[in-house]
Amino acid sequence: MITNYIIYLNTLTKAEKNKYLLFIALFFLIILLICGILYFIKKNFSEKSKNTLFQRFLKKL
């Protein structure tokens, strides 16, 4: 599947290829930012709260 997408990108013009690569990079940056925020929340609040629903949710992350 990845090779098919690489072949597809090679058939595009340079401007369209740059646009699609920018979308891919933004997608991965957004995913990385979301994971970082979730890790920060888990690190800061995992020990401060008691055995609540929020604590159980943090353990599952």
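Bear in mind that the values here come from a model prediction, so they are computed numbers and not experimental data. (Residues numbered from 1 in each chain as written. Predicted model: local features only at pLDDT ≥ 70, side-chain atom pairs only at ≥ 80, totals over all residues. Heavy atoms only, no water.)

Colleague: Help me understand the packing of aromatic side chains in this model?
Modeller: Any pair of aromatic rings gets described here by the distance separating the centres and the angle formed by the planes. Per the counting criterion, the structure on display carries three aromatic pairs. For the ring pair Y8 and Y20, a centre distance of 6.1 Å and an interplane angle of 70 degrees mean the geometry is edge-to-face. A residue pair is termed long-range when its members are at least 10 positions apart, and Y8 in helix α1 (residues 2–11) and Y20 in helix α2 (residues 14–45) qualify at 12 residues. Owing to a relative accessible area of 36%, Y8 belongs among the partly exposed residues under this scheme. With centroids separated by 5.4 Å and ring planes inclined at 70 degrees, the aromatic side chains of F27 and F28 adopt a geometry described as edge-to-face. For F28, a relative accessible area of 53% translates into the label exposed. One aromatic cluster is present, built from ring pairs that chain together Y5, Y8 and Y20. (Phe/Tyr/Trp six-rings, centres within 6.5 Å; stacked < 30°, edge-to-face > 60°. Helix = DSSP H or I, 4+ residues; strand = E, 2+ residues; numbered from the N terminus. Buried < 20%, exposed > 50% of the residue type's maximum accessible area, 1.4 Å probe, protein only.)

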